[in-house]
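Coordinate analysis (summary)
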Amino acid sequence: MEEHAKVKIKGIREGLLITVRDDNWTEAKAALQEQLKQQSEFLQGGRLILDVGNHNIRAAELGQLKDMLTDDGLALWAVLSNSQITQQNAQLLGLATRINKPIPERTTHTIDTALSGEEAVLVRRTLRSGFSIKNSGHVVVIGDVNPGCEIVSGGDIVVWGHLRGMVHAGAEGNQQAVVCAMDLAPTQLRIADLIATTPKRRGKSQPEMAKIVDGQVVALPWKP
Amino acid sequence: MTKRVITITSGKGGVGKTTATANIATALAVDGARVVCIDADIGLRNLDVVLGLENRIVYDLVDVVEGRCRLRQAMIRDKRLPNLFLIPAAQTRDKTAVSPSDMVRLIDELRDESDWVLIDSPAGIERGFRNAIAPADVIVVITNPEISAVRDADRIIGLIEAEEKGPAKLVLNRLKPEMVKRSDMLSPDDVLELLAVELIGIVPEDEKVILSTNRGSPIVLEGKSQAGQAFRNIAARLEGKDVPFLSLESSNGFFGRISRLIGTGGD
């Protein structure tokens, strides 16, 4: 517990704020590394803001820290400090030193579920190869889902665009789950425990909905 | 002139990153700019061979980073163009010898003494790739009209977006118009539909490229080659000029379509 008190991690509007306490920097850095190692899973994909208080940090050291984070798949975005030296060094490395300016909107939001009562995630961007979304509720994508991308949802998956990646609806065993897309051509489509691939398309694509009918995955014209 | 740092990357290996770097750098230098190209593929250096400067290497990128020489000492002057320089990669080390912030510092030093810096990225998405994109102002993604190359380009473009270095620009390399015509190859339309980024060049397949690479003399220096012209056009577009796309086959309509498509999308 002692160690943890040296480093605090808190989610704020701009990202994840990591505050390092004002004492010996070498110790603080060790504690920080320890914390990041333990929580790297949780921090993945987050925008990190490091508040180092009054510490004077050399450019080389700051660079090292940034590289270490990059190697762990974490992106250091800003360094906050009362020390002018640290601020200058952070700017040299292309890091922000203030966070009160508006930042680009995050890509995933949880929508207001007061009306339907069911949880869903809305993603408003093209999902490229290597991207993966896992959500126990529904997933709605406004944009394309490219090959090599993976969506796993406990409920339905709706894609307002081309669906060419791998999707798994009703992943927790819900046989009623459906997959809808403006152009339904996934590399592989799974609903509950059934797996289907896309047959070669003849003619023009149309909006389709895939669901389980009589123990088989079928694609039907989607007429919402 | 705007001072810009351009990283050329692809994800997949063998699609033509090094050839493109050598040719675009040479084309920019022919136009009179002071150009420095950097081989960031530490351990598997190639750019020196393609530029025909292999036998002049004394110091390399890792020597600069580790302080064994000054930046100027590692800059090899091209044998044809006095305003083109190469900083070669080390052959006996690996990617971890350099860090992304080392690259940022090194390139900042170069910004004052060059008009363009071109960085040749290694294949892959690991440390070497991160090193190469860290200092970039503009990232050019090279791909071939093949499903596997396009898939990797898509992944790379996603990573570039995640690093907030985007939007990436695209070069489609080694296109065979006659195969596209027979629907045996992905067309520029097909590639763009998936990747949805700005296209800044289409380079046709050309045997002369292999010859010029082996000879260590970039194809842009040869007047007649179509591939050379395509690379010169890419350089001109990076300079901000509005250059129409090559019509690789006068009877074929799709390049006309592409150039119209691009004409409206340029910045």
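Not measured: the values here are computed from a predicted model. (Residues numbered from 1 in each chain as written. Chains lettered and ligands numbered in written order. Predicted model: local features only at pLDDT ≥ 70, side-chain atom pairs only at ≥ 80, totals over all residues.)

Brief notes about the nonpolar core
We apply this condition: In this description, a nonpolar core means buried residues of the types Ala, Val, Leu, Ile, Met, Phe, Trp, Tyr and Cys, linked to one another by C-beta atoms lying within 7 Å. For every residue, the other C-beta atoms within 10 Å of its own C-beta are counted; 20 or more classify it as buried, 12 or fewer as exposed, and values in between as partly exposed. C-beta atoms are placed from the backbone. We call two residues in contact when the distance between their C-beta atoms, placed using the backbone, is within 7 Å.
Among the nonpolar cores identified, the biggest contains 81 residues, and Leu 61, Leu 118 and Phe 231 of chain B are the most heavily contacted of them. Other than its neighbours up to four places away in sequence, Leu 118 of chain B contacts Ile 6, Ile 8, Thr 21, Ile 24, Ala 25, Val 35 and Cys 37 of chain B. Grouped together as the second largest cluster of nonpolar side chains are 23 residues, Phe 131, Ile 157, Leu 163 and Ile 212 of chain A included.

So, the confidence of the model for chain B
Residues and elements named next belong to chain B. To keep it simple, the criterion reads: For every residue, the predictor states its confidence as a pLDDT score lying anywhere from 0 to 100.
When pLDDT is averaged along chain B, the result is 90; 91% of the residues meet or exceed 70. Note on residues 263-267: pLDDT is under 50 here. Beyond four places in sequence and across chains, it has two contacts. Among the scores for the predicted complex, ipTM is 0.75 and pTM is 0.72.

Regarding the pairing of strand β2 (residues 35-39) of chain B
Residue and element names in this part refer to chain B. In plain terms, the rule: A run of DSSP states H or I qualifies as a helix once it reaches four residues; a run of E qualifies as a strand once it reaches two. Both are numbered from the N-terminal end. At least two DSSP bridges between two strands are required for those strands to pair.
Counting buried positions along β2 gives five out of five residues, so the element sits mostly inside the fold. Going residue by residue along β2, you find Val 35, Cys 37 and Asp 39 tucked away on one face and Val 36 and Ile 38 tucked away on the opposite face as well. Here four bridges tie β2 to strand β4 (residues 84-87), and the two strands are oriented parallel to one another. Note that in β4 the partner of Cys 37 across the bridge is Leu 86. Looking at chain direction, β2 and strand β5 (residues 116-120) are connected through five bridges and run parallel. Following the sheet pairing, Ile 38 is matched in β5 by Ile 119.

Thoughts on the domain arrangement of chain A
As a reminder of what qualifies: An automatic or database domain assignment provides the domain bounds reported here.
Domains assigned within chain A are domain 1 (4-92) and domain 2 (108-221). The C-alpha centroid of domain 2 of chain A is placed 37 Å from the C-alpha centroid of domain 1 of chain A.

Section: the interface of chain B and chain A
Convention followed: Only Asp, Glu, Lys and Arg are considered charged in this grouping, and only Ala, Val, Leu, Ile, Met, Phe, Trp, Tyr, Cys and Pro are considered nonpolar; every other residue, Gly among them, is considered polar.
Taken residue by residue, the interface counts twelve residues in chain B and 14 residues in chain A. Every element with two or more residues in the side of chain B that touches chain A is listed here: α5 (100-111) and α7 (147-162) of chain B. Among the elements that make up the side of chain B that touches chain A, the one with the highest residue count is α7 of chain B (five residues). For the side of chain B that touches chain A, a count of residues per class yields five nonpolar, three polar and four charged.

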